[in-house]
2 protein chains.
Amino acid sequence: MSMLITNIVRACSTKRLLDEVKLANQTVKKIKPPIHKDKPLKMEDLTKVYLSPLPDSPYVRPFRFNYVQGGKDKNWDMLAVHDSVAIIVFNTTKNVLIFVKQFRPAVYFNCIPPAEREAGEIDTNKYPASLGITLEMCAGIVDKNKSLQEIAKEEVLEECGYDVPLRELHQIASYRAGVGVQGSLQTLFYCEVTDDMKVGKGGGVEDEIIEVVEKSIADVEKWISGPGPLNTPPSCLFALMWFLRHKADKYRKSFERYCGECKVVQDDGFFATSSD
Amino acid sequence: MSMLITNIVRACSTKRLLDEVKLANQTVKKIKPPIHKDKPLKMEDLTKVYLSPLPDSPYVRPFRFNYVQGGKDKNWDMLAVHDSVAIIVFNTTKNVLIFVKQFRPAVYFNCIPPAEREAGEIDTNKYPASLGITLEMCAGIVDKNKSLQEIAKEEVLEECGYDVPLRELHQIASYRAGVGVQGSLQTLFYCEVTDDMKVGKGGGVEDEIIEVVEKSIADVEKWISGPGPLNTPPSCLFALMWFLRHKADKYRKSFERYCGECKVVQDDGFFATSSD
């Protein structure tokens, strides 16, 4: 029985394991200045997709968590991942929310029926890359010896191209991402930026293909009220709901109104002028 | 180069892999009628915690996703997991939101400093189980040939003890959980229940130790405005924000008001009567 393993053996194997899992994260990045890509790579240009067994991977390092609860032996299989930050970025010059759009292999994979995944190479004409393209808040992992605010500032620069002062990054909430197998802490920030702070194109570093997307408040309200499924994580939906609850009224254009009933964005004067 | 593996080899290894990953999920459950536990197991009673390398696991099955994007060879390591449902349950007899409270090993693990995790058995006096106890919406995985609504109905019964008619389960949104390594689809439902629909204690099935928690609307507003970190997933925070935006006004007690500025729940007449 696993409980009978001695503490020494446990300590050795655990140490080795944890030395390895220090490397573990799906999106390890090195800090580099933003690269201005003259010829942006297209995230929609997807071919030669197939699955293979996992070799020894520096990114996904699963392990088993053993415990006794209520007097009963139990265990739980999980992954070690880094904590992360996410940032709500609102551009007050244009009155738009800033999103990042990217291809997420794990989302794409889940859009392919299991039978089709088993047939070797996946038919990318039948299943285009757009299935796996998500809209998210700017975000990044905590894998450096810097404050959460400093890491948030770097991500806003790298992914969105804005150089935002540290004091403008306000901590909103932190919560547990992936309570099932990951359980890492994500901390959400809010910042307001202006066009003057835009110093680069954004788009990520190294191999990242990230597109910066701007959406008006009315467009966001319409988008999250649609039938879905929304190719976005719940943390982004929480961030948007937080923004709508706490900030939107200040910035909503006075002539824009979204109808929750019919899902239409209308001018304030719509009904008065519709019979003209 | 991995791209040179023939399609036949790919198909074989992929099929074997996917036969295995069909089993893959952290929380596989069999459907059984709710068990009324006379002596509830205590989730706080935690001992003998240690990590070990992952043996061949039926729960966590990682694999590698290979592709060519923008003309460049890439790969991404991920897990296959089931889609899921989550349900906002509001009891209109008591005007309370229904939560489930449970111990999440992955959350607990992330609360232990890495150096302490490496020291063999984790000191549960220093790191009590409460670190890993989360507050979440009722939820469950989609691992049976039933509609999402039927699965949602079963989860509300098993976890919360309410027998809710199918027609009362309203689909709110669906989104992508764990875009990094999982990418599975979670569908959120809303249902209103009454005390009359309570037919059991809830608490989950088999080994599950789940506690049903009721919170008033004002308590929820206070809780999510606190400094955190909140031991809850972002999907729960989105669900609560959705409820506050779309449903709360109808059910908020007329005398309860929450002050976003000072974080205090006040009676409507508070200021008028405070000098009495």
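Because the structure is predicted, anything quoted here is derived from the model rather than measured.

1. Structural notes on the side chain of Gln-69 of chain A
Tracing the chain through its elements places Gln-69 of chain A in strand β2 (residues 62-69). A polar contact of 2.9 Å, which involves the side chain of Gln-69 of chain A, links it to the backbone oxygen of Met-43 of chain B. Apart from the residues within four sequence positions on either side, Gln-69 of chain A is in contact with Lys-74 of chain A together with Lys-42, Met-43, Asp-45, Phe-103 and Ile-209 of chain B.

2. Side note on the packing of aromatic side chains
Residues and elements named next belong to chain A. In total, this model carries 22 aromatic pairs over all chains according to the counting rule given. Look at Phe-90 and Phe-243: their rings are 4.9 Å apart centre to centre, the planes differ by 40 degrees, and that puts the pair in the tilted class. Within this pair, whereas Phe-90 is found in strand β4 (residues 84-91), its partner Phe-243 is found in helix α6 (residues 234-246), the two being separated by 153 residues in sequence. Accessibility expressed as a relative area gives 0% for Phe-90, which makes it buried. Measuring from centroid to centroid gives 4.9 Å for Phe-90 and Tyr-251, while their planes differ by 50 degrees, and the two rings are tilted. Residue Phe-90 is located in strand β4, and its partner Tyr-251 is located in helix α7 (residues 248-251); the two are separated by 161 residues in the primary sequence. Taking relative accessible area as the criterion, Tyr-251 reaches 13% and is therefore assigned buried.

3. Section: the pairing of strand β3 (residues 72-79) of chain B
It is a general feature of regular strands that their side chains alternate between the two faces of the sheet. Residues and elements named next belong to chain B. Here strand β2 (residues 62-69) runs beside β3; their pairing, made up of 8 bridges, is antiparallel. Residue Pro-62 lies in a different strand from β3, and its bridge partner there is Leu-79. A loop of 2 residues connects β2 with β3, the two strands running antiparallel in sequence, and Gly-70 in this loop sits at a positive phi of about 55 degrees.

4. Observations concerning the relation of the copies chain B and chain A
Between chain B and chain A, the superposition needs a rotation of 180 degrees and an axial shift of 0.0 Å, giving an RMSD of 0.0 Å. The transformation relating the two chain copies, once decomposed into turn and shift, fits a two-fold axis. No C-alpha of chain B lies nearer the rotation axis than that of Phe-238 of chain B, which sits 2.1 Å from it. Mapped onto chain A, 99% of the interface residues of chain B again fall at the interface, so both copies present the same surface.

What counts, and where the lines are drawn
Residues numbered from 1 in each chain as written. Chains lettered and ligands numbered in written order. Predicted model: local features only at pLDDT ≥ 70, side-chain atom pairs only at ≥ 80, totals over all residues. Heavy atoms only, no water. Helix = DSSP H or I, 4+ residues; strand = E, 2+ residues; numbered from the N terminus. Polar contact = N/O pair within 3.5 Å; in protein donor to acceptor, adjacent residues only side chain to side chain. Contact = heavy atoms within 4.5 Å. Phe/Tyr/Trp six-rings, centres within 6.5 Å; stacked < 30°, edge-to-face > 60°. Buried < 20%, exposed > 50% of the residue type's maximum accessible area, 1.4 Å probe, protein only. Pairing = 2+ DSSP bridges. Least-squares fit on C-alpha atoms with pLDDT ≥ 70 in both.

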